[in-house]
Amino acid sequence: MRVRTASVAVIGTLSVLAVGVITAPTSQAAATIGDCYYYPGTTRISSDAPAVACDAAHTAQTYWVSSLPDSFGIPAKASAAARRSATVACTPAAINAFTAMPGRTLPSRFDTFAIFPSAAQWASGDRTVRCDVVLRNGAKLVTLTQPAAAVVASTPADQLNYCTPAEPNANAPYAGICNNPKKNFIKLLAKDLGKPGSKFPGYSVVERKVTKMCQALGRKYKGNVPYPGYWGIWPTGSGWANGDRAAQCFVPLKQYLDTLANQAAKSPLAAASPTAS
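Conventions and cut-offs
- Residues numbered from 1 in each chain as written.
- Predicted model: local features only at pLDDT ≥ 70, side-chain atom pairs only at ≥ 80, totals over all residues.
- Heavy atoms only, no water.
- Helix = DSSP H or I, 4+ residues; strand = E, 2+ residues; numbered from the N terminus.
- Buried < 20%, exposed > 50% of the residue type's maximum accessible area, 1.4 Å probe, protein only.
- Contact = heavy atoms within 4.5 Å.
- Areas by Shrake-Rupley, 256 points an atom, 1.4 Å probe, with all protein chains shown as cover.
- Phe/Tyr/Trp six-rings, centres within 6.5 Å; stacked < 30°, edge-to-face > 60°.
- Pairing = 2+ DSSP bridges.
- Axes fitted to C-alpha atoms, helices over the stretch in contact; angles between N-to-C directions.
- Disulfide = S-S within 2.5 Å.

Student: Can you walk me through the overall build of the chain in this structure?
Tutor: A tally of regular secondary structure across the chain gives seven helices and 10 strands. Counting over 277 residues, the chain shows a buried share of 47%. Sequence separation of 24 or more characterises 71% of the internal contacts of the chain that already satisfy a separation of 6 or more. Per element, the accessible surface of the chain, about 12600 Å² overall, is 56% carbon and sulfur.

Shown next, in the form of structure tokens:
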């Protein structure tokens, strides 16, 4: 089985920074790395939420803070590409470093949201922009009671892997727990194909490049099937213009787990892990 799909890259996955204009009230307190916040849901993320103790219920933790230049202008009027460029430091690698898993290369269920000043804040001189890390379970945010790094330390690495409940849907991202080998697809790759401001190389070029990458992962983690399955998601021209430049590759979870079992049977030291590429 070989499956693939093409779509605009999905906003809200680790490979594609969620940079909608999430604004803050005029009374926003100074943002500090390590602060925790409680957001009821992905559509209600705002720095209107006060910082809370990280050992209390929360869904987000700030891992990056910076200032926008005056030339940026009111964030709500900026393009999606401009907002992505302003938060280019908010990467999966930055999240992995903050959460104390720098050796991890498999995508995880940790995600990021960028929060910009509101028009009123901008008028008052606030230029602060920050990125918060959240942990997803499906389409929901996980409520935590300890800092993100402590969550990682107390959670088996494979429980942080990113799975979809069935075939991946580019328009409905779902970062779920990998718990159904017969139906789940595990994400093995999330990679940006170009830097901010780079020119779209063309749909057919992107399709061939991503298909090649995903096919290679399908063969690498083929399990016990003669025709390994894979699934690819790549950006279209319009998505690229908005800053969505991510390639995503998935394989059936059973196929992946069977490969790890086969490797372990041959040599326990050679078995792959969530840090394997």
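Student: Where do I start with unusual backbone geometry in this structure?
Tutor: Of all residues except glycine, most have a negative phi; of all peptide bonds, most are trans. Despite not being glycine, Ala-100 shows a phi value in the positive range, around 65 degrees. In this structure, Ala-100 sits in the loop between α2 (92–98) and β4 (110–115).

Student: What is the right way to read the packing of aromatic side chains from this model?
Tutor: For any pair of aromatic rings, the description rests on two quantities: the centre-to-centre distance and the angle between the ring planes. A complete count under the given rule lists eight aromatic pairs for this structure. With 6.1 Å between their ring centres and 40 degrees between their planes, Tyr-63 and Phe-98 make a pair best called tilted. Here Tyr-63, found in strand β3 (residues 60–67), pairs with Phe-98, found in helix α2; they are 35 residues apart in sequence, far enough to count as distant. By relative accessible area, Tyr-63 is classed as buried at 6%.

Student: Which parts of the structure should I look at to understand the sheet that holds strand β8 (residues 185–192)?
Tutor: Hydrogen bonds between backbone atoms are what pair the strands of a sheet, whose relative direction is either parallel or antiparallel. If you trace the four strands from one edge of the open sheet to the other, you get β7-β8-β10-β9, paired in antiparallel fashion. The open sheet has two edge strands, β7 (163–164) and β9 (231–233), and neither has a second partner. Examined bridge by bridge, β7 and β8 share two bridges and lie antiparallel to one another. Among the inter-strand pairings, Thr-164 is bridged to a residue of β8, identified as Phe-185. Strands in contact with helix α7 (residues 253–266) are β7, β8 and β10 (246–252); relative to β10, the strand with the most contacts, it is inclined by about 75 degrees.

Student: Even after reading the chapter, I still don't get the state of the cysteines, so can you show me in this structure?
Tutor: Put plainly, a disulfide is one covalent bond tying together the sulfur atoms of two cysteines. Under the counting rule described, the total for this entry stands at four disulfides. Note that Cys-36 is cross-linked by a disulfide to Cys-54, the S-S spacing being 2.0 Å. Across the disulfide from Cys-36 to Cys-54, rotation about the S-S bond amounts to roughly 100 degrees, and the bridge is consequently right-handed. Here the residue Cys-36 occupies a position in strand β2 (residues 36–37), and Cys-54 occupies one in the loop between β2 and β3, the gap between them amounting to 18 residues. One disulfide in the model links Cys-90 with Cys-131; its S-S distance is 2.0 Å. Here the disulfide of Cys-90 and Cys-131 is right-handed, its torsion about the S-S bond being about 95 degrees.

Student: How should the environment of Ala-76 be read in this particular structure?
Tutor: Along the chain, the position of Ala-76 falls in the loop between β3 and α1 (80–86). Considering only alpha carbons, one finds Ala-76 and Phe-116, 40 residues apart in sequence, at a separation of 8.4 Å.

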